[in-house]
Amino acid sequence: MEIKIVENTKEVLCDVLVVNKFEGKETSNSLVNKYAPEDFTGKAGQIFVMHTQKEFPSTYILALGLGDESCMDNNIIRENVAKAIKKCVELKAKTVAFDFSTDYGFCMPLVMGVNIANYHFDKYKNKKAHRIAEIYLSNVVPEAVNVASIISDAMKLSRNLANEPAAFSTPSKLAEIAQGFEGIETIVYEEDKIRELGMTAYLAVAQGSVQPPKFIHMKYVPENPKKRIAIIGKGLCFDSGGLDIKPAASMLNMKDDMSGAACVLGIMKALPKLHPDVEVHGIIAACENMPSGSSYKPGDILTAKNGKTIEVDNTDAEGRLTLADALCYACELQVDEVVDIATLTGACMVALGSAASGIMGNNDDFVKNIIEVGAYAGEKFWQLPMWQEYRDNMNSDVADMKNTGTRYGGASAAGMFLKEFVTDNVKWAHFDIAGTAFLDKPQKEFCKGATGAGVRTLLDYIICQ
Ligand code: BES
Ligand code: MN
Ligand code: ZN
C-alpha cells in the first residue's frame, strides 16, 4: 500500500473520503452534516457511509465516530481507523483519503490502523484478498508517517513469518532472512559451534529433528549508543511436543511457536531505518521440537551454558531450554537490558486469553516501564508474579532443577525457570505471548492468525530511549 501526502485530501479523486466525527460536534464535511441521520452521534466506532452522487470528488464519504474529543488517544484512533478500512474493503475501495480534523497527533495511529487492517496472509490462495492500494493524507508530520510505515513493515514481516507453514519458516530460513538485512551484522552458529559455546540444553531440543539448528545473532550498532539491549525470540519453528507429544488439537497451530523469533526479525529489519542511538542484539536459538529416534528424552539431564543442570521432566517444556542458553549468551554480551519474547506457556493463554501478554522480570521499574510503552503502542501486558513457591516446585532429585513444576501457575513457573539463566547485573523482562501471538478469530484491528505481538512495544521502547 502506498501513502501519499497531499495539500488537501478533500480534493482528491478517490473511492472513499474518511472524515472523523466527534460526539456533539459537526464534522468538517457539509454533506455528512446535512445527510447523516440523527442517531449518528459520533460514538466511537459508529460509521455512516453515503454515496456523493458526484457532489464531491470522492465516490463515497465515510464518517467515522471517534467518541468524545477530550478522550482521544492512540488506541481509539488506531482501532476505529481499522474499522473504517474494513468498511472500505466491503465497498471494494482501492483508494482512500482521510480528512481528519483533531488536535490530537493522529497520523501514527492512523497509519498503523490502516496497515494492520489491510494485512491478509493470502500468499497460498489463488483468490487474493481485496486490499486498499493507496491512502491519501494531509496535515500530517511526514516523519511520523515514515516511522509508522517502518513499524508497520516490521509487523508485516513478523506476521508473515509466523503465518507461514513450518515447512517454509525453518531454522535455516530464519537464518537466511537475518543474513539479508541491510545495516545489520549477522552471525549464524551451526551445531558444532553451538556445542563449543556450551549451549547443550538448546541442542538437546533440536536433536530430534532433521532440520539443523541455527543460532542467530544479529547486531545493530550505532555510533554512540546510549544503551545496549538484547532481545531474544523463542524460535521453535515447530513444536510437536517431542516424545511427550501434543494431542492433535494442541499441535495444530504450533508453526507459530517461532512468533518470538519473528518479532525479533521484524525489529532488527526496522532498526537501521529508524536509526535509534541504542545498540540492539537480536538473538534466536532456532530449532524444531520433534519426536524421533534421536530425540531427547524425559529423564535426560542437560547442562546449560552457565553450568546449571536440568532434568527433563517433559519434552514439551522445550522453549525454556532453548531460552536458557540464549539468555546465558545474551548476559555474556554485557548488555544493560535483556528482553525475551516467547510463546512459552499454555498456562499464560489460560490466564490472560488473547487480550494481553504476560510479563515478568527481575526489575520492577523496568517491567512497569515496558507495560506503559505497550499501553501507548496498543499492546497490553499483565505482570505475573515471580514467587519462590513456583521455583520450589521445580526442585529435582538428580539435577539443579526440572524443566517443569506442577500443573498450576505454569506461566510464573516458566518465568522462574528462565531467571536461573539471567545474571543479576542485567535488567531482564520476559514476555509470554502464547495467547497474543496468534488469533483463532479476528480481534480488534487484526484478522485471524499471526499478530506480530511485541513488535510495536519493543520498537517504541527502543526509539524512546
Ligand atoms: N509452545 C508451547 C506453549 C504454547 C501453548 C504456545 C499454546 C501457544 C499456544 C510450549 O512449548 C509448551 O508446550 N508448553 C507446555 C509446558 C508444559 C509441558 C509445562 C504447556 O504450556 O502445556
Ligand atoms: Mn512445547
Ligand atoms: Zn513451544
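What counts, and where the lines are drawn
- Residues numbered from 1 in each chain as written.
- Chains lettered and ligands numbered in written order.
- Predicted model: local features only at pLDDT ≥ 70, side-chain atom pairs only at ≥ 80, totals over all residues.
- Heavy atoms only, no water.
- Helix = DSSP H or I, 4+ residues; strand = E, 2+ residues; numbered from the N terminus.
- Rg over C-alpha atoms; globule rule 2.2 N^0.38 Å.
- Buried < 20%, exposed > 50% of the residue type's maximum accessible area, 1.4 Å probe, protein only.
- Areas by Shrake-Rupley, 256 points an atom, 1.4 Å probe, with all protein chains shown as cover.
- Axes fitted to C-alpha atoms, helices over the stretch in contact; angles between N-to-C directions.
- Left-handed = near helix turned anticlockwise from the far one by under 90°.
- Contact = heavy atoms within 4.5 Å.
- Nonpolar A, V, L, I, M, F, W, Y, C, P; charged D, E, K, R; others polar.
- 1 Å grid on protein atoms, 1.4 Å probe; cavity = no way out; pocket = protein on both sides within 12 Å on 5 of 7 lines; lining within 4 Å.
- Points joined across faces, edges and corners; volume = space filled by probe spheres on them.
- Pairing = 2+ DSSP bridges.
- Core = buried A, V, L, I, M, F, W, Y, C linked by side-chain atoms within 4.5 Å.
- Salt bridge = Lys/Arg side-chain N within 4 Å of Asp/Glu carboxyl O.
- Donors = N, O, S within 2.8 Å, 3.2 Å for Na, K, Ca; no water.
- Tetrahedral: all angles 85-135°; square planar, octahedral: opposite > 155°, others 65-115°.
- Phe/Tyr/Trp six-rings, centres within 6.5 Å; stacked < 30°, edge-to-face > 60°.
- Near = heavy atom within 4 Å.
- Polar contact = N/O pair within 3.5 Å; in protein donor to acceptor, adjacent residues only side chain to side chain.
- Sits in = over half its atoms within 2 Å of the grid points.

Caption draft 1: Broad picture of the overall build of the protein. Of the regular secondary structure elements, the protein holds 15 helices and 19 strands. The globule rule puts the C-alpha radius of gyration for 465 residues at 23 Å, and the 24 Å found for the protein is close to it. Each principal axis of the C-alpha distribution contributes one length, and for the protein these read about 80 × 50 × 40 Å. Here the protein holds 465 residues, and the buried ones make up 57% of them. As presented, the protein carries roughly 19200 Å² of accessible surface, and 50% of it is formed by carbon and sulfur atoms.

Caption draft 2: Spatial organisation of the packing of helix α9 (residues 259–274) against helix α15 (residues 455–463). Between α9 and α15, whose axes approach to 10 Å, the crossing angle comes to 35 degrees. Regarding α9 and α15, the two cross each other, and that crossing is right-handed. Two secondary-structure elements touch here, α9 through Cys263, Ile267, Ala270, Leu271 and Leu274 and α15 through Val455, Leu458, Leu459, Ile462 and Ile463. Taken together, the residues of the contact of α9 with α15 break down into 10 nonpolar, no polar and no charged.

Caption draft 3: A look at the layout of surface pockets. In this structure, the largest pocket spans a volume of roughly 1200 Å³. Looking at the lining of the largest pocket, the elements with two or more residues in it are β9 (227–239), α8 (248–251), α10 (319–332), α11 (346–352), α14 (410–419) and β18 (438–439). For the lining of the largest pocket, the element with the most residues is α11, which contributes 5 residues. Tallied by class, residues from the lining of the largest pocket come to 20 nonpolar, 17 polar and 11 charged.

Caption draft 4: Structural detail: the sheet that holds strand β16 (residues 401–402). Read across the open sheet, the 3 strands follow the order β11-β12-β16; overall the sheet is mixed. Each of the sheet's edge strands pairs with one partner strand only, and the pair in question is β11 (301–303) and β16.

Caption draft 5: Spotlight on the nonpolar core. By size, the foremost hydrophobic cluster in this structure holds 91 residues, and its most contacted members are Val18, Phe98, Phe100, Leu110, Met218, Met268 and Phe431. For this core, the element with the highest residue contribution is helix α4 (residues 142–163), accounting for 11 residues. Contact partners of Val18, with chain neighbours within four places excluded, come to Leu62, Leu64, Ala84, Cys88, Val96, Ala97, Phe98, Asp99 and Phe100. Among the nonpolar cores identified, the runner-up in size contains 47 residues, and Ala201, Leu203, Ile232 and Tyr296 belong to it.

Caption draft 6: Geometry of the pattern of salt bridges. Counted according to the given criterion, the structure contains 23 salt bridges. Among the salt bridges present, the one from Lys10 reaches Asp99, with a minimum N-O distance of 3.2 Å. Of this pair, Lys10 sits in the loop between β1 (2–5) and β2 (16–22) while Asp99 sits in strand β5 (residues 95–99); the two residues are 89 residues apart in sequence, bridging distant segments of the chain. Relative accessible area serves as the criterion here: at 30%, Lys10 is assigned to the partly exposed category. Its relative accessible area of 7% is what places Asp99 among the buried residues. For the salt bridge of Lys25 with Glu69, the shortest nitrogen-to-oxygen distance reads 2.7 Å. Of this pair, Lys25 sits in the loop between β2 and α1 (30–35) while Glu69 is found in the loop between β4 (60–67) and α2 (74–90), placing the two residues 44 residues apart along the sequence. By relative accessible area, Lys25 is classed as partly exposed at 41%. For Glu69, a relative accessible area of 24% corresponds to the partly exposed category.

Caption draft 7: Region of the structure containing the coordination of the manganese ion (ligand 2). Surrounding the manganese ion (ligand 2) are the protein donor atoms Asp239 (OD), Asp316 (O), Asp316 (OD) and Glu318 (OE), which sit 2.0 to 2.2 Å from the metal. Around the manganese ion (ligand 2), the 6 donor atoms are arranged such that angles at the metal cover 69 to 166 degrees; this shape is classified as irregular. A gap of 3.2 Å separates the manganese ion (ligand 2) and the zinc ion (ligand 3), which Asp239 links by coordinating each metal. In this pair, Asp239 sits in strand β9 while Glu318 sits in the loop between β12 (309–311) and α10, placing the two residues 79 residues apart along the sequence. An identical accessibility class is assigned to Asp239 and Glu318; each is buried.

Caption draft 8: Up close: the packing of aromatic side chains. One pass over the full model with this rule turns up 12 aromatic pairs. Where Phe381 meets Phe431, the ring centres are 4.7 Å apart and the plane angle is 55 degrees; that geometry is what we call tilted. Placement of Phe381 in strand β15 (residues 381–383) and of Phe431 in strand β17 (residues 427–432) is noted, with a sequence separation of 50 residues between them. Using a relative accessible area of 6% as the deciding quantity, one classes Phe381 as buried. Owing to a relative accessible area of 0%, Phe431 belongs among the buried residues under this scheme.

Caption draft 9: Inspection of the coordination of the zinc ion (ligand 3) at higher detail. All of the protein donors around the zinc ion (ligand 3) are Lys234 (NZ), Asp239 (OD), Asp257 (OD) and Glu318 (OE); their distances to the metal are 2.0 to 2.4 Å. Counting the intervening residues between successive donors of the zinc ion (ligand 3) yields the motif K-x4-D-x17-D-x60-E.

Caption draft 10: Local environment of the sheet that holds strand β3 (residues 47–51). With respect to topology, 6 strands assemble into an open sheet ordered β1-β6-β5-β2-β4-β3, the strand pairing being mixed. Two strands bound the open sheet, and with one partner strand each, they are β1 and β3. Pairwise comparison of adjacent strand axes, ignoring direction, gives a mean angle of 25 degrees for this sheet. With 7 bridges joining them, β2 and β4 adopt parallel strand pairing.

Caption draft 11: Representation of empty space enclosed by the protein within the structure. Evaluation of the coordinates by the stated rule reveals 1 cavity of 30 Å³ or more. Empty space within the largest cavity amounts to approximately 30 Å³. What lines the largest cavity is Ser158, Ala162, Ser259, Cys263, Ala437, Ala450, Thr451, Gly452 and Ala453. Breaking the lining of the largest cavity down by element, the ones donating at least two residues are α4 and α9.

Caption draft 12: View of the site of ligand 1. Within the structure, ligand 1 sits among 16 residues, and Lys246, Asp257, Asp316, Glu318 and Gly346 are positioned closest to it. Within the side chain of Lys234, an N or O atom sits 3.2 Å from an oxygen atom of ligand 1. Glu318 places a side-chain nitrogen or oxygen 2.9 Å from an oxygen atom of ligand 1. Burial of ligand 1 by the surrounding chains reaches 77%, relative to a free accessible area of 520 Å². The cavity that encloses ligand 1 is the largest pocket.

Without other data, these values stay purely geometric and don't point to any function.
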